[in-house]
Every structure is written in structure tokens, then in C-alpha cells.
Amino acid sequence: MKKALKVILCLALVAAFVASLAGCAKVNYVTNGTIKAINEVKSGDWKNGGAGGAAEGEGGEEGGAATEDKVVLEAEFTPGTYGGKEFKTVDDVAKYYVEAYNYTKSLTAEYDENGQTKTYYKLLGTETMEVGDVYIDGKANSIVNNLVPGIVGGMFKPTPYGLVPCYNRDPNLDNNKDDEHKKNDHDFRTSLLTGEDILACYVKDNGDGTITIGIQPKAAEMSIRGEDSQGKFFEVLGDISGVVGSISAVSFAQGDATENVKVTYKGGTGIVKIDTKTNEIVEADYEMISEVAVTHASIAVIKDKSANLSISYKNHYPADDKFLMESKGIKRK
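The shown structure was predicted, so the numbers you read here are calculated from the model rather than taken from an experiment. Each chain carries its own residue numbering, running from 1 in the direction its sequence is written. Where totals are concerned, whole chains, interfaces and linings use all residues; where local detail is concerned, this predicted model gives features only for residues with pLDDT of at least 70, and gives and counts side-chain atom pairs only at 80 or more. Side-chain measures here rest on the full set of heavy atoms in the structure, leaving out hydrogens and waters.

Quick look at the overall build of the chain
Here a strand is any run of E in DSSP of at least two residues, a helix any run of H or I of at least four, and the numbering for each starts at the N terminus. When helices and strands are counted, the chain shows 7 helices and 16 strands. Put simply, the chain has 333 residues, and 51% of those count as buried. The protein chains shown are the only cover counted for residues, whose accessible areas, like all others here, come from Shrake-Rupley with a 1.4 Å probe. Carbon and sulfur atoms make up 47% of the accessible area of the chain, which totals about 14800 Å². Think of it in three bands: with a 1.4 Å probe and only protein chains considered, a residue is buried below 20% of the maximum accessible area for its type, exposed above 50%, and partly exposed in between.

What to know about the sheet that holds strand 3 (residues 108-113)
Two strands form a pair only when DSSP identifies at least two bridges running between them. Taken in spatial order, the 3 strands of this open sheet run 4-3-16, and their pairing is antiparallel. Among the strands making up the open sheet, the edge pair consists of strand 4 (116-121) and strand 16 (330-332). In this sheet, adjacent strand axes meet at a mean angle of 40° when their direction is disregarded. Pairing of strand 3 with strand 16, which is carried by 3 bridges, proceeds in the antiparallel orientation. Each bridged residue has a counterpart across the sheet, and for tyrosine 111 the counterpart in strand 16 is arginine 332. Each axis is a line fitted through C-alpha atoms, and for a helix only the stretch in contact is used; angles between axes span 0 to 180 degrees, taken between their N-to-C directions.

Topic: the pattern of salt bridges
For side chains of opposite charge, pairing can occur when their charged atoms come near one another. Each salt bridge in this description consists of a side-chain nitrogen of Lys or Arg and a carboxyl oxygen of Asp or Glu lying within 4 Å of one another. For the structure shown, the criterion picks out 8 salt bridges. A salt bridge links aspartate 197 to lysine 232, with the shortest nitrogen-to-oxygen separation between them at 3.2 Å. A residue pair is termed long-range when its members are at least 10 positions apart, and aspartate 197 in the loop between helix 4 (142-155) and strand 8 (198-205) and lysine 232 in the loop between strand 10 (220-221) and helix 5 (240-245) qualify at 35 residues. Comparing aspartate 197 with lysine 232, the two get one shared label, buried. A salt bridge links arginine 332 to aspartate 321, with the shortest nitrogen-to-oxygen separation between them at 2.5 Å. Separated by 11 residues along the polypeptide, arginine 332 in strand 16 and aspartate 321 in helix 7 (residues 321-328) bring together distant segments of the chain. For arginine 332, a relative accessible area of 36% puts it in the partly exposed group.

A short note on the confidence of the model for the chain
A score between 0 and 100, pLDDT records how confident the predictor is in each residue. In the predicted model, the chain carries a mean pLDDT of 79, and the fraction of residues at 70 or more is 69%. Two residues qualify as a contact provided that any one of their heavy atoms is within 4.5 Å of a heavy atom in the partner residue. Taken as a whole, residues 1-9 scores under 50 in pLDDT and shows 29 contacts with residues more than four places along the chain or in a different chain. Throughout residues 18-60 the model reports pLDDT below 50, and contacts reaching past four residues in sequence, or to other chains, amount to 82 contacts.

Some remarks on the environment of lysine 333
Among the secondary structure elements, lysine 333 is positioned in the segment after strand 16. Once the C-alpha coordinates of lysine 333 and aspartate 112 are considered, the two residues, 221 residues apart in sequence, prove to be 6.5 Å apart. Aside from chain neighbours lying at most four places away, what touches lysine 333 is Glu110, Tyr111, Asp112 and Thr117. Between N or O atoms, a polar contact is any pair within 3.5 Å; within protein, one atom must be a potential hydrogen donor and the other a potential acceptor, and residues adjacent in sequence are included only when both atoms are from side chains. Within the structure, lysine 333 has its side chain in polar contact with the side chain of threonine 117 (distance 2.6 Å).

Examining the pairing of strand 4
As paired strands, strand 3 and strand 4 are joined by 6 bridges and run antiparallel to one another. By the bridge assignment for strand 4, threonine 108 is matched with tyrosine 121. Hairpin connection of strand 3 to strand 4: 2 residues between the antiparallel strands, including asparagine 114 at a positive phi of 55°.

Here we look at the side chain of serine 191
Within the fold, serine 191 resides in the loop between helix 4 and strand 8. Owing to a relative accessible area of 10%, serine 191 belongs among the buried residues under this scheme. From its side chain, serine 191 meets the backbone nitrogen of leucine 193 in a polar contact 3.2 Å long.

Digging into the nonpolar core
Across soluble globular proteins, you tend to see nonpolar side chains buried next to one another. The biggest cluster of nonpolar side chains holds 43 residues, and the ones touching the most others in it are Ile281 and Tyr286. The element that contributes the greatest number of residues to this core is helix 3 (residues 90-104), accounting for 7 residues. Residue contacts for tyrosine 286: discarding those within four places in its chain leaves Tyr97, Leu163, Val164, Phe233, Phe234, Thr269, Gly270, Val272, Tyr313, Lys314, Asn315 and Tyr317. By nonpolar core we mean a set of buried residues, namely Ala, Val, Leu, Ile, Met, Phe, Trp, Tyr and Cys, connected to one another through side-chain atoms within 4.5 Å. One finds Tyr121, Cys166, Ala319 and Phe323 within the second-largest nonpolar core, a separate group that totals 10 residues.

Right under this line is the structure:
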């Protein structure tokens, strides 16, 4: 029974992490996902995904987030002229990225969405998310981790968005005015990134009128969209402590969710191709990486447990026609 309750705790937390992805408007999935996980445990269905799982207290790989903010980009910044654009400093890279981002988000296109004409950003992208192994008190359990893909797949429904960070594919709605966790109003049609936000970057001339800029923003804790080095560059989880705290099945042996739920963002990158004649971003790949840690979590007779996991959230631009149609019934005109 204790083993089953531990599985419920893990799945409830995974459900919260998935639902907390900022901009997805899926907070209601926390309740649905948690109920689904609990029902699967009660019915025994969870065993179907956990064959060969480690018993409670057995080995399993040790897990934990390192604290160092390491550079992961494949190249270093070298001052010079690329594609006719001069870059003397990291500040110059940030400024040109912002110029290209702002111009690209000024471009719109008409789409047919289920028979209705809609005006959205010209450049729309895909989104995918992967949740890494869940560690309980520093050890992985294959029963839990075999269930995670099903929980994520059942809850996370990919949707087309404009360049991240983005609140809506409709430019007129791309702000956080309705975000209850906002600190300030942000218009995400323009980028807030500065050179101070960048840990590392590079510029490469592709020899075809485009350049590629790679950017790795500095690490941040409990990032909020538009507020810090990570939130200015990626979609982030926002106030995940509020979402975890809303799960009635989960309590804390000491303190509350605000004290016991921590998210560290580091190691994520954005690789962006820009047409230097127009300053338009023509292709881009972003990967946000976060490490989520929960301490002193309890559920029923399982008391005072710690859990941590990693989340990789990727955005690719441009989205292909198949993704647009399958995700939202959208066709380019």
C-alpha cells in the first residue's frame, strides 16, 4: 500500500508540473490528471506500466540537480562581421536578436481555422515536452517512470504559438494581462532580452544571406515569463508552487508549497536563423530545461518525501502544415 501511495504522489506531482507550463491554460488538468493517476493506482492499472519496477526502498539510480551553470553551446562568441552585420560584444548579439524577434512578431498571416478566417503570427511553431526520470529521496523507481510518458501524453496537447515567450498565437492577445501570477504587464510582441541575461552565445555566417545565432541565457530560479533571464527567452513554468499547493491530496510535513517547491532553469538554448536582409527569423529551435525539486511532501501514510525531476520543453519554427492541422485545424491561406 505504501508503494502504491508513493506512486500516487509522484504522478500527482508530474501532473502538476505538466499543467504548470506557462501559457498553456491547462491548470484544470491538475485535478483531472491527479484523479486519473489515483484511479489507476486503486484499480491496479498502474501495474501494467510498471513491470519490473524497483520495490520500495530498492536501488535505482541516484538523482539530483547540480547547481553549476555550465555553458553547453557548441561554439563561442567571436567578435566580427557576419552576414553584413557587425557584432563586437554580447550586447550586440542581444540587441540584434531583439530586433529580429520584434520584426518577426510584427508579421502576420491569414489562416483558415475550422472554416473561420483568423489572423495569427506569420511564424508559428510546434511544442513538445519530455519529463525525465522522477527521483524519490534521490532514487529512481521504474514503476513511476514507466507511467510518466502516459501522464504527459494524456495531458499535454501541443498547440501552435508564436516565438517564445508567447501568450497567444493571436498577436492582439500576446500579453499576460489575464495572468493572475503576473508581476508586471508584458507585451510579448517584443523581446525583453538584454546582454546581461546571456551566459553564452555565438554567431555563425551561413553563406546564404542568413546567420545563425545561438543563445544560452543565464540560470534562474522560479522563473516567470518576462521577468528574468529565462523568462525573457523561454516559456517557463511560472508559479508552480501555487499549482502544486492546489492538489488536495498532497500536503507538506513542514512549511507550504512556496517553501518546498523549487524550480531551477539552466542549460537551455535557442538556435535562431535570421535573414539579414530583412531581419526576419526564418527558422528557430528553443529548448528550455528545468529541474524541479519538491521537499517534505506527504500523501496519506507516506510522509516527508523529497522528489525531483527534469523537464525539457522544445519549440521548433516554422511549424509544418501537418502539425497545424492536427493540433488546431489550422490551414495556411
